[in-house]
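# Summary of structural features
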Amino acid sequence: MALIHKFKQGNDYYVLDVNSGCVHIVDELIYDILDEEVVPNKAEVMDRLKGKYNAEEIEEALSDIEELLAEELLYSGDKYEHIARNDKSKSFIKAMCLNVVHDCNLKCKYCFAEEGEYKGRRQMMSVEVGKRAVDFVIKNSGPRRNIEIDLFGGEPLMAFNNIKEIVEYAKEQEKIHNKNVRFTMTTNATLLSDEIIEYIDKNMGNIVLSIDGRKEINDSVRVRYNGSGSYDDILPKIKKMVERRDRNKQYYARGTYTSRNTDFYKDVIALANEGFKEISIEPVVLPDGHELALKEEDLEAIYESYDKLVKEMEERIGTDKEFKYYHFHIDLNGGPCVYKRISGCGAGHEYVAVTPSGDIYPCHQFVGMEEFKLGSIFEDNFRDDLAMEFKDAHIYNKPKCIGCWARFYCSGGCQANNYNFNKDIHVPYELGCKITKKRLECAIALKCKYEEKIM
């Protein structure tokens, strides 16, 4: 089992203490001494490194390591396993993906939702279903005061008038039940108008605006039904939407990279150069054999893009060209919630998706898989057994995750990806793991560089 993780980023050597989250920037000598699974043995180290370093240098380095060991900042123990294995508490739903429409006005070539159909038929959520979904999440939120509702599709703005009624209903209900309901929306931006932009800015806590970077990349995959690209239409609309958001309101310019643009570093920079400060370009997840699916042979180019991105972002720290990249923005201490480190997004027990017909699934990526249907908002038939299965699918019940250094940051990966590739939510999606580990190394290095520059 990995107790520490060593890696080199640029010219620097990093050591992550897996269980505590402490990060150490070290010299080459200490880097060479440390073993990822075993506390260094003085005699073994002396023998192994005697040809590269003199004995005095090694002695001094070992002394420094001893101090870190005494302070439990290196090779620290796991404090969370007993919590996860003995947790029999009831889960309460804190977030819901509201699929307000199973339809879309684009025909993106990598769409997991079959252009909005989700293995079913095109359908818009009625106001009645939306209201019942709000009632459901409030009822099942238990003592949680804060509730997140993601407005999703297809393209949710195709149901804009219904959305307005659902949001107003939620505002009424949150006061009655002493809850705080925060709405977010993911949109392809094609339907943004002055009226909609004003409404979104006022009512959405976060807005995710889909654009895939460079015009040539975006227009090769994010296409209309007639095959034409969407870039020239959506870019000015997205810019207008972002201009309305003040510094206290979240947004992301969010894209996807595929086998067609493993040099996605260029897409991130293209968005940054357009003035966007919050950017996310994420790896596509598609079945093997799909023309846009990422493959093992793409990893070298993907890693190179992440390395270039770290270097570019480091150079921009403290300038007016600085920006945030979603997957590089991490909390090295794992955030405020221990359980989130262990179980991730909470799909299936803390987070659910509701379809236009009112069916409940663990998340939007499980929609249409009948074996994962949790129930219906119209019936008292929620499958607590399936919810518990998802709750128990944490890192300590995933054999490949238990010994992995990245386990507290990826939390065992996406349950839907795990199932789609391995037919088991307990078996991680391997290519995704490799990409995530590289991304985490870059994020850790950049975090350290940022703290160095602002101190």
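Scroll up to find the structure this text is about.
What comes next is a walk through the structure. (Residues numbered from 1 in each chain as written. Predicted model: local features only at pLDDT ≥ 70, side-chain atom pairs only at ≥ 80, totals over all residues. Heavy atoms only, no water.)

## Details of helix α7 (residues 194-203)
- Looking only at α7, the buried set comprises Ile196, Ile197, Tyr199, Ile200, Asp201 and Asn203.
- Contacts from the buried residues of α7 go to α6 (160-176), β8 (180-187), β9 (206-210) and α9 (231-244). (Buried < 20%, exposed > 50% of the residue type's maximum accessible area, 1.4 Å probe, protein only. Helix = DSSP H or I, 4+ residues; strand = E, 2+ residues; numbered from the N terminus. Contact = heavy atoms within 4.5 Å.)

## What about the nonpolar core?
- If you look at the biggest cluster of nonpolar residues, it comprises 125 residues, and the most contacted ones within it are Leu98, Ile149, Tyr325, Phe328 and Phe366.
- Per element, the largest residue contribution to this core is 9 residues, and it comes from helix α17 (residues 430-454).
- Sequence-distant contacts of Phe366, defined by excluding residues within four places in its chain, comprise Tyr361, Phe372, Phe390, Gln415, Ala416, Tyr419 and Ile425. (Core = buried A, V, L, I, M, F, W, Y, C linked by side-chain atoms within 4.5 Å.)

## Focus: the packing of helix α2 (residues 42-49) against helix α3 (residues 55-70)
- At a minimum axis distance of 11 Å, the contact between α2 and α3 shows a crossing angle of 140°. For the element pair α2 / α3, the angle class is oblique. As α2 runs across α3, the sense of the crossing is right-handed. Mapping the contact onto sequence places Lys42, Val45, Met46 and Leu49 in α2 and Ala55, Ile58, Glu59 and Leu62 in α3. (Axes fitted to C-alpha atoms, helices over the stretch in contact; angles between N-to-C directions. Parallel < 35°, antiparallel > 145°, perpendicular 65-115°, else oblique. Left-handed = near helix turned anticlockwise from the far one by under 90°.)

## A closer look at the pattern of salt bridges
- This structure, assessed with the given rule, holds 36 salt bridges.
- For Lys240, the salt bridge identified is with Asp194, shortest N-O distance 2.6 Å. One end of the pair, Lys240, is in helix α9; the other, Asp194, is in helix α7, and 46 residues separate them in sequence.
- By sharing partners, the salt bridges in this structure join Asp201, Arg244, Arg245 and Lys249 into a single network. (Salt bridge = Lys/Arg side-chain N within 4 Å of Asp/Glu carboxyl O.)

## Regarding the sheet that holds strand β12 (residues 324-325)
- Taken in spatial order, the 10 strands line up as β12-β11-β10-β9-β8-β7-β4-β13-β14-β15 in an open sheet, and their pairing is mixed. Looking at the sheet topology across the chains shown, the edges are occupied by β12 and β15 (375-376).
- Pairing geometry for strand β13 (residues 351-354) and strand β14 (residues 359-361), over 2 bridges, is antiparallel. Note that in β14 the partner of Ala353 across the bridge is Tyr361. (Pairing = 2+ DSSP bridges.)

## Re the sheet that holds strand β3 (residues 23-26)
- In spatial order, the strands read β1-β2-β3; together these 3 strands make up an open sheet with antiparallel pairing. Two strands in the sheet have a free side with no partner beyond their single neighbour: β1 (4-9) and β3. Mean inter-strand twist for the sheet, computed between neighbouring axes without regard to direction, equals 25°.
- Relative to β3, strand β2 (residues 12-17) is paired through 4 bridges, and the arrangement is antiparallel. Across the sheet, residue Tyr13 finds its bridge partner in β3, namely Val26.

## Details of the environment of Arg260
- In this fold, Arg260 is placed in the loop between β10 (250-257) and α10 (265-273).
- Linking Arg260 and Leu294, residues 34 residues apart in sequence, is a C-alpha distance of 8.9 Å.
- The contact partners of Arg260, leaving out residues within four places of it in the chain, are Lys109, Ile217, Ser220, Val221, Glu291 and Leu292.
- Within the local environment of Arg260, its side chain forms a polar contact with the backbone oxygen of Ser220, the two atoms lying 3.1 Å apart. (Polar contact = N/O pair within 3.5 Å; in protein donor to acceptor, adjacent residues only side chain to side chain.)

## Side note on the state of the cysteines
- Here the structure, examined in full by the defined rule, presents 0 disulfides.
- For the unlinked cysteine Cys363, the closest cysteine sulfur is that of Cys414, found at 5.9 Å.
- Assessed through its relative accessible area of 7%, Cys363 is described here as buried.
- The thiol of Cys404 is not disulfide-bonded; the next cysteine sulfur, from Cys410, is found 5.9 Å away.
- On the basis of relative accessible area, Cys404 is assigned to the buried category, the value being 13%. (Disulfide = S-S within 2.5 Å.)

## Describing the packing of aromatic side chains
- Under the counting rule described, the total for this entry stands at 17 aromatic pairs.
- When the ring of Phe160 is compared with that of Tyr199, the centres are 5.4 Å apart and the planes differ by 85°; the resulting orientation is edge-to-face. On the criterion of sequence distance, the pair formed by Phe160 in helix α6 and Tyr199 in helix α7 is long-range, its members being 39 residues apart. Each member of the pair Phe160 and Tyr199 is classed as buried.
- For the ring pair Phe421 and Tyr429, a centre distance of 4.1 Å and an interplane angle of 20° mean the geometry is stacked.
- By the ring-pair criterion, three or more aromatic residues cluster together here, those being Tyr257, Phe264, Tyr306, Tyr325 and Phe328.
- The positively charged end of Lys6 is found above the aromatic ring belonging to Tyr31, 4.6 Å away from the centroid. (Phe/Tyr/Trp six-rings, centres within 6.5 Å; stacked < 30°, edge-to-face > 60°. Lys NZ or Arg CZ within 6 Å of the ring centre and 35° of its normal.)

Read these as layout, nothing more, since geometry by itself doesn't imply function.
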